[in-house]
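Letter by letter, the chains look like this.
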Amino acid sequence: MQITFGLPTSFNPHEYDMIVVGAGYAGAVCARRLAETVGFRVAVLERRDHIAGNAYDYYDESGILVHMFGPHIYHTYSERVHSFLSRFTEWTDYQHKVLANVHGTLMPVPFNHQSLKLAFGEERGEQLYRKLVETFGENKKVPIMELREKNDPDLQEVADYVYENVFLHYTMKQWGQTPDQIDPSVTGRVPVFVGDDDRYFPQAPYQGMPKEGYTELFANMLEHDLIDVFCEVDARDLLTIDEGRVLVNGEVYGGEVVYTGPLDELFNLDLGALPYRTLDMKFETLDVDQFQPVGTVNYTVSEDYTRITEFKNMTGQVVPGKTTIMKEYSHAYEPGSGQTPYYAIIDPDNRKLYERYLERVSSVTNFHPVGRLAEYRYYDMDAVTNSALELSDEIISCHA
């Protein structure tokens, strides 16, 4: 796939039927579908120097495939999403597993049969597990809120342990909140898995990792004669919304615009900045074959980082005598700092602020905000893909 870095002086937006801002999941899916379905010529404008958005992966100096913006674990319940993405990659059979480091003991997350025995001892853990099975049945995810609603001291004991040792301190680090600031409805959704399946997504029918990596998946998706990709191009330098119209380089643009960036940045934060949490990623290459037993270990009661990822455990790559790990440190996002906005802080006030920005573009019929940033919400990769598939359905129906 050919990428142009920077925008050539000969660039003419009117030669394109659609401009896509962002080469992550939302943008790439829309670009591919419109190009191949209705023959749109598409320009993809990407601010970074690479495609694939936050899913971007690359080989580090030790030859280990790493995820620059944190671990991306593919899983989906959607046959449509899986069928579409599978056109551009083969998948490994990787099944994601997460352990929590609780005072030095590694326990499966979500909390399950094995976790109970590790936390409470073999005999007491088995007693508590039998109580869970009698109450809820096996192979079910049960939120701790439901455990508490039973008014059973045994179930309350399990709920309290999971809340304190798996959820509370980890959430305080991740979101920078004190216990009284954490929404009780969020706390209540923390699950216990009544069963022995220690996969993180035990009920997802489609799981794995792209065999050649995520960047290659995106390169294949964007490989089309009607798609031109321009990296190191900040669309805010070209694109403005004025009186219900899209302007590109100061001229009215009549084609479709798929916008996957933050809406507040498009308007120079003039109503205020939408708050996010960001992450600092600290990579370390170690002279060992393996650092930890699974892809991700969450540090739920200790350390100032939230988790450690070991990439070889996820990709299945064999590199003898070397492994690369990554520690994540969560903190508040500062607009204009060059940081990456990862997690929208969704509360009523922030949602209202987002809706004020959204109202400014709602009457612009050829402007389509889509994706994690443009919709100001948390999305897994499959949900972003599904949202982009649905948007592209709508655009196609107007042009078919």
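Everything that follows concerns the structure shown earlier in this document.
The rules we used
Residues numbered from 1 in each chain as written. Predicted model: local features only at pLDDT ≥ 70, side-chain atom pairs only at ≥ 80, totals over all residues. Heavy atoms only, no water. Buried < 20%, exposed > 50% of the residue type's maximum accessible area, 1.4 Å probe, protein only. Helix = DSSP H or I, 4+ residues; strand = E, 2+ residues; numbered from the N terminus. Contact = heavy atoms within 4.5 Å. Polar contact = N/O pair within 3.5 Å; in protein donor to acceptor, adjacent residues only side chain to side chain. Core = buried A, V, L, I, M, F, W, Y, C linked by side-chain atoms within 4.5 Å. Axes fitted to C-alpha atoms, helices over the stretch in contact; angles between N-to-C directions. Parallel < 35°, antiparallel > 145°, perpendicular 65-115°, else oblique. Left-handed = near helix turned anticlockwise from the far one by under 90°. Nonpolar A, V, L, I, M, F, W, Y, C, P; charged D, E, K, R; others polar. Expected span 1.5 Å × (residues − 1).

Help me get a handle on helix α3 (residues 113-120), residues and values and all.
Those residues of α3 lying buried are H113, S115, L116, K117 and F120. Elements that come into contact with the buried residues of α3 comprise β8 (105-109), α4 (122-136), α6 (153-175) and β10 (191-194). For α3, the capping residue at the N-terminal end is N112, with a side-chain oxygen 3.1 Å from the backbone nitrogen of Q114. Immediately downstream of α3, the backbone of G121 shows phi near 90 degrees, a positive value.

Describe the nonpolar core, with residues and values.
The biggest cluster of nonpolar side chains holds 59 residues, and the ones touching the most others in it are V42, V44, I51 and L85. With eight residues, helix α1 (residues 25-38) is the largest single contributor of residues to this core. Here V44 is in contact with V20, G22, A23, A31, L222, I227, D228, V229 and F230, once residues within four sequence places are set aside. Counting 33 residues, the second-largest nonpolar core is a separate cluster that includes F11, V364, A374 and Y376.

Could you give an account of the packing of α1 against helix α8 (residues 214-222), naming the residues involved and the relevant values?
Between α1 and α8, the least distance of the axes is 9 Å, while the angle of their chain directions is 30 degrees. With respect to α8, the element α1 is oriented roughly parallel. The way α1 lies across α8 gives a crossing that is left-handed. Seen from α1, the contacting residues are Y25, A28, V29, A31 and R32; seen from α8, they are Y214, F218, N220, M221 and L222. In terms of residue class, the contact of α1 with α8 is made up of eight nonpolar, one polar and one charged.

Quick rundown of α1? Include the residues and the values.
Taking 1.5 Å of rise per residue, 14 residues should cover 20 Å, and α1 covers 20 Å from first to last C-alpha, within 8% of that figure. Across the 14 residues of α1, 11 count as buried, placing the element largely inside the fold. Along α1, the residues classified as buried are Y25, A26, G27, A28, V29, C30, A31, R32, R33, L34 and A35. The positive-phi residue at the C-terminal boundary of α1 is G39, with phi of around 75 degrees.

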